[in-house]
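# Analysis of the macromolecular model
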Amino acid sequence: MRRRVMLSLPEQWEGRMAGDIGGAAGLGARPWYAVNEGLAFLLELAALGFLSWWGFGAGHEGAPRILLGVGTPLLAIVVWALFAAPRARLRPRLALVLVVKALVFGGSAAALYGVGHAVAAVAMALVTAANTAVAEIFRADPPTAGRHGLDGPGDHD
């Protein structure tokens, strides 16, 4: 017979996940975090679009063209969902997450270069690198619960 161990959190922490900055209160307290996360989402969508654009324009006809145009972004989606998404199926260390992001975003910049837009490819690479760096800085230094009106460990008056 297996025993279940139930852990309980203080009331004000219920429903929060690791890395959560406190829902609306956290976003309101750190508007740049919300802006950066919104930009990250737009860059992810753009990356998928660039991969697809390259795949359909890679010079192939028929099935290979469709396979590259649909398969390349689909592969990126699967890899991202497994390793780099906020609720990824697998939870690798930060180094692997950054490698996956570099592959997807680097591949999208290369795809953009491949369709003849070298300046846009460099811009995409620079913006995604800056966005990822800022996101990791925000995640490495999350606000303490006390700054959002929730008392965390050591946040006593």
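Notes on the structure follow. Here, residues in each chain are numbered from 1, in the same order as that chain's written sequence. In keeping with the predicted nature of the model, local features appear solely for residues at pLDDT of at least 70, side-chain atom pairs appear and are counted solely at 80 or more, and the whole-chain, interface and lining totals rest on all residues. Computation of side-chain values covers all heavy atoms of the structure but excludes hydrogens and water.

A word on the packing of aromatic side chains. Side-chain rings of Phe, Tyr and Trp (the six-membered ring for Trp) are treated as a pair once their centres are within 6.5 Å; stacked means planes under 30 degrees apart, edge-to-face means over 60, and tilted covers the remaining angles. The full count for this structure, using the stated rule, is two aromatic pairs. Measuring from centroid to centroid gives 5.5 Å for Tyr33 and Phe138, while their planes differ by 85°, and the two rings are edge-to-face. With a gap of 105 residues between them, Tyr33 in helix H2 (residues 31–56) and Phe138 in helix H5 (residues 118–140) connect regions that are remote in the sequence. Between Trp80 and Phe105 the ring centres are 5.4 Å apart and the planes differ by 75°, which places this aromatic pair in the edge-to-face class. With Trp80 in helix H3 (residues 63–83) and Phe105 in helix H4 (residues 94–114), the pair connects residues that are 25 residues apart, well separated along the chain. Only protein chains enter the accessibility calculation, which uses a 1.4 Å probe; a residue is then buried when its area is under 20% of its type maximum, exposed when over 50%, and partly exposed in between. Residue Phe105 is classed as buried on the basis of its relative accessible area, which comes to 7%. Under the DSSP-based scheme used, a helix requires at least four consecutive residues in state H or I and a strand at least two consecutive residues in state E, with every element numbered from the N terminus.

It is worth spelling out the packing of H2 against H3 at this point. Lines fitted to the C-alpha atoms define the axes, with helices restricted to the stretch that makes contact. Angles between their N-to-C directions range from 0 to 180 degrees. One can describe the packing of H2 onto H3 by two numbers: an axis separation of 6 Å at closest approach and a directional angle of 155°. One finds that H2 runs roughly antiparallel with respect to H3. In this structure, the crossing between H2 and H3 has a hand that is right-handed. Across from Glu44, Leu48, Leu51, Ser52, Trp54, Gly55 and Phe56 in H2, the residues of H3 making contact are Arg65, Ile66, Leu68, Gly69, Val70, Thr72, Pro73, Ala76, Ile77 and Trp80. Residues are grouped as follows: nonpolar covers Ala, Val, Leu, Ile, Met, Phe, Trp, Tyr, Cys and Pro; charged covers Asp, Glu, Lys and Arg; every other residue, Gly included, is treated as polar. When the residues that make up the contact of H2 with H3 are grouped by side-chain class, the tally is 11 nonpolar, four polar and two charged. Roughly parallel covers angles under 35 degrees, roughly antiparallel covers those over 145, roughly perpendicular covers 65 to 115, and oblique covers all other angles. Should the near helix be turned anticlockwise from the far one by less than a right angle, the crossing is termed left-handed; should it be turned clockwise, right-handed. Two residues qualify as a contact provided that any one of their heavy atoms is within 4.5 Å of a heavy atom in the partner residue.

Counted at 1.5 Å a residue, the expected span for H2 with its 26 residues is 38 Å, and the 38 Å between its end C-alpha atoms agrees. Among the residues of H2, Tyr33, Asn36, Ala40, Leu43, Ala47, Leu51, Ser52 and Gly55 are the ones counted as buried. To estimate how far a helix should reach, multiply one less than its number of residues by 1.5 Å.

Side chains of nonpolar character tend, in soluble globular proteins, to be buried together. Formed by 16 residues in total, the largest nonpolar core has its most connected members in Ala47, Trp80, Ala84, Val104, Phe105 and Met124. Elements that contribute at least two residues to this core include exactly H2, H3, H4 and H5. Element by element, the count of residues in this core is highest for H4, at seven residues. Sequence-distant contacts of Ala84, defined by excluding residues within four places in its chain, comprise Val79, Val97, Val100 and Lys101. The definition of a nonpolar core used throughout is a set of buried Ala, Val, Leu, Ile, Met, Phe, Trp, Tyr and Cys residues joined through side-chain atoms within 4.5 Å.

Residues form patches when they are more than 30% accessible in relative terms and have no salt bridge. Like charges link within 9 Å. Nonpolar side chains (Val, Leu, Ile, Met, Phe, Trp, Tyr) link within 5 Å. Only the protein chains shown count as covering a residue, and every accessible area follows the Shrake-Rupley method with a 1.4 Å probe. Any carboxyl oxygen of Asp or Glu that lies within 4 Å of a side-chain nitrogen of Lys or Arg is treated as forming a salt bridge with it. On the surface, a cluster of nonpolar side chains totalling about 650 Å² of accessible area is made up of Phe56, Ile66, Val70, Leu74, Ile77, Val78, Leu82 and Leu90. It is H3 that provides the largest number of residues to the nonpolar patch, a total of six residues. Relative to the helices and strands, Leu82 is located in helix H3.

Here we come to the side chain of Ser108. Position of Ser108 among the secondary structure elements: in helix H4. Pairs of N or O atoms are called polar contacts if they sit within 3.5 Å, as long as, within protein, a hydrogen donor faces a hydrogen acceptor (for residues adjacent in sequence, only side-chain-to-side-chain pairs). One polar contact links the side chain of Ser108 to the main-chain carbonyl oxygen of Phe105, over a distance of 2.7 Å. Once residues within four sequence positions are removed from consideration, Ser108 is found in contact with Ala47, Phe50, Leu51 and Met124.

With that settled, consider the environment of Val97. With respect to the secondary-structure elements, Val97 resides in helix H4. In sequence terms Val97 and Leu82 are 15 residues apart; their C-alpha atoms lie 9.7 Å from each other. In this structure, Val97 is in contact with Phe83, Ala84 and Pro92, ignoring residues within four places of it in sequence.

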